[in-house]
Amino acid sequence: MAHEASGTTHEVAHEVHDDHHEQSFWRKYVFSTDHKVIGIQYGLTSLAFLFFGFCLVMLMRWQLAYPGEPLPLIGQLFGDERMPGGTMLPEFYNQLGAMHGTIMVFLGIVPLAVGAFGNYVVPLQIGAPDMAFPKLNMASYWFFFLGGVVMLSSFFVPAGAAKAGWTSYPPLANIETMGQTIWLFGMVFLITSSLLGALNFLVTIIQLRADGLTFFRLPFFVWVQFVTALLLLLAFPPLEAAAVLQIMDRLADTSFFMPSGLVVSGEPLDIAGGGSPILWQHLFWFLAHPEVYVLILPAMGIVAEIIANNTRKPLWGYRLMVYSLLFLGFMSFIVWAHHMFITGMGTNLSAFFQVTTMIISIPSVIILSALFISLWGGSIRFTTPMLFALGFLPMFGIGGLTGLPLGLAPPDVHLHDTYYVIGHFHYVVAPGTILALFGGIYYWFPKMTGRMMNDMLGKIHFWGTLIFMNGIFFPMFIQGMAGVSRRLYDGGQIYEHAQGVLWLNEVMSISAWLLALAQIPFIINLLISLKKGKEAKDNAWDATTIEWAAAPSPPVGHGNFVTLPRVYRGPYEYSSPEAEDHDLPQHVPPKQLVAEGA
């Protein structure tokens, strides 16, 4: 399956990169076309956005734990329009909720998982000198950065940022203030960024693989980035079209999503009408359910790399994992309406989406089970990356299992829009995906910098993060099953029947603030290790994939490899009886070829 032209492509690309002149600081580090620099740009920017989005939810957690009480110290900083006397207004709470969800998903996790790790690691793992379209790669980052700036600027306009939730449901979103319009323009930039990046990943993986690197010799991480790029390319255009239509509803008085007969504040709206709010939901969730797998698949790929490396044995069921991955990607496009059971779609359609939702759980279970089975009989090294990978497995398991009742219409009617949904989703993307992303940072940091991160600080970071994340999200299942809505700014004080579980709001809020403190060791570790970390050898983890085994750490200039590698075997040939040191890197020729002088 590997193409004959691959070597020629690499040689030409390598010669071009070798001949480039010394670049200025701006060209080298700001407007760079080097995939490694762009990956680091994505990583640092998305970590900053993650931190900001987490700050927003910490403000929300104060309001939920102590509704109506002034926020000490910083409450006055937000002004009387948002927090008069330091007390949070419902409108400001809604802004924080909408922007927290948007920032964490579209500005934090996706660009870190795909933009940062994908950009930096994929070309190295396939033996390519760069991405297929370096300038398109640069444009992808700057569209992302611009989209983030536009999003955050909405906090400074009159009446503040978007308040209609991260899903932007009309008709509420259509009659919201200017912040909602800015949110929509920001989404257009972010979607454009993802589409450019997805196209680049697909062409790069198909066209720039090293000689001998067939598809079933690809590391599992490359496979997940390939499927993720397919999901982004096919699922994002409907949402971009929907965003443009909603902008037209807001600015050009169209009625794509505006029904007839709307009355707002006692006054009938003077609009043409005839639009469908449900149409927006279909267009949004056609993207947003594949988006769940855009969040989780790179995490699975990172965990697979770390587990294979730290068990010193091949992944169990590698081909089965790949087939499951492809099936999961296909199925993700025909389950979107399980988010819409309460819209009255009818029993026949509900039955279809219930069945497909149960089916899509099967490949996820296969992949998770294969990762668990891969631990059996392994000589496990409990490194910091391995702890994060091991933490991912049960956390994602909880997220997946708690999603099954939401995929069935009868229980979903009761659980919809309660804290149960928040708990389920966050177990997938917080104790799940974010743990894996932290593991990836610790794992590939030596490749990026040539230095190791401090192991003790890393383990403190892991245990603090794992414990306090569960302290935040597990009580949400209890509140959700008690019927507490996720959208109430007072935490559910109006519910007489749920008073017995509202004390958990304080538990979750204290856990959130302690989780913030648990990130301090990581920040210190990251900053100190950049300059003073222990120097790492080129293959810091004794890995067999070619980004470790064939490239120096950090990789050489704008071309990655001193000599472009050729691949002879699969990615995880650990503990092989053919090798004297028990491991067979992908690029080392077989013994018979060595004997012949090849």
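The structure displayed is predicted, hence computed values, not measured ones.

Engineer: Which residues make up the packing of helix H13 (residues 419-449) against helix H16 (residues 520-532), and what values do they have?
Structural biologist: Taken N-terminus to C-terminus, the directions of H13 and H16 make an angle of 10°; their axes are 12 Å apart at the nearest point. One element, H13, and the other, H16, form an angle in the roughly parallel class. Contacts between H13 and H16 involve Phe438, Ile441, Tyr442, Phe445 and Thr449 on the former and, on the latter, Phe522, Asn525, Leu526, Ser529 and Leu530. Split into classes, the residues belonging to the contact of H13 with H16 amount to seven nonpolar, three polar and no charged.

Engineer: Give a description of the nonpolar core that names residues and reports values.
Structural biologist: Among the nonpolar cores identified, the biggest contains 180 residues, and Phe220, Leu297 and Phe392 are the most heavily contacted of them. Ignoring sequence-local partners within four residues, the contact set of Leu297 consists of Val224, Val227, Thr228, Leu231, Leu325 and Leu328.

Engineer: How would you explain unusual backbone geometry if you had to name every residue and give the values?
Structural biologist: Of note, the amide linkage connecting Pro170 to Pro171 takes the cis form, showing an omega dihedral of 5°. Cis geometry marks the peptide bond from Ser553 to Pro554, where omega comes out at -5°. One can find Pro554 in the loop between helix H17 (546-549) and helix H18 (591-595). Despite not being glycine, Asp253 has its phi angle at roughly 60°, a positive value. As for its position among the elements, Asp253 is in the loop between helix H7 (220-251) and strand S1 (263-264). Of the residues examined, Asp253 reaches a relative accessible area of 66% and is grouped as exposed.

Engineer: Before we move on, could you go through the environment of Thr433 and cite the residues and values that matter?
Structural biologist: Mapped onto the fold, Thr433 is located in helix H13. Of the residues examined, Thr433 reaches a relative accessible area of 0% and is grouped as buried. In sequence terms Thr433 and Pro410 are 23 residues apart; their C-alpha atoms lie 29 Å from each other. If sequence neighbours within four positions are ignored, Thr433 has contacts with Ile109, Leu295, Ile296, Ala299, Phe392 and Val428.

Engineer: Residues and numbers for helix H9 (residues 318-331), please.
Structural biologist: Here H9 contains 14 residues, and its C-alpha end-to-end distance of 20 Å stays within 8% of the 20 Å for a straight helix at 1.5 Å per residue. Every buried residue belonging to H9 is among Tyr318, Met321, Val322, Ser324, Leu325, Leu328, Gly329 and Met331, and all of these are buried. Contacts made by the buried residues of H9 are with H7, helix H8 (277-311) and helix H10 (347-374).

Reading guide: rules and limits
Residues numbered from 1 in each chain as written. Predicted model: local features only at pLDDT ≥ 70, side-chain atom pairs only at ≥ 80, totals over all residues. Heavy atoms only, no water. Axes fitted to C-alpha atoms, helices over the stretch in contact; angles between N-to-C directions. Helix = DSSP H or I, 4+ residues; strand = E, 2+ residues; numbered from the N terminus. Parallel < 35°, antiparallel > 145°, perpendicular 65-115°, else oblique. Contact = heavy atoms within 4.5 Å. Nonpolar A, V, L, I, M, F, W, Y, C, P; charged D, E, K, R; others polar. Core = buried A, V, L, I, M, F, W, Y, C linked by side-chain atoms within 4.5 Å. Buried < 20%, exposed > 50% of the residue type's maximum accessible area, 1.4 Å probe, protein only. Expected span 1.5 Å × (residues − 1).

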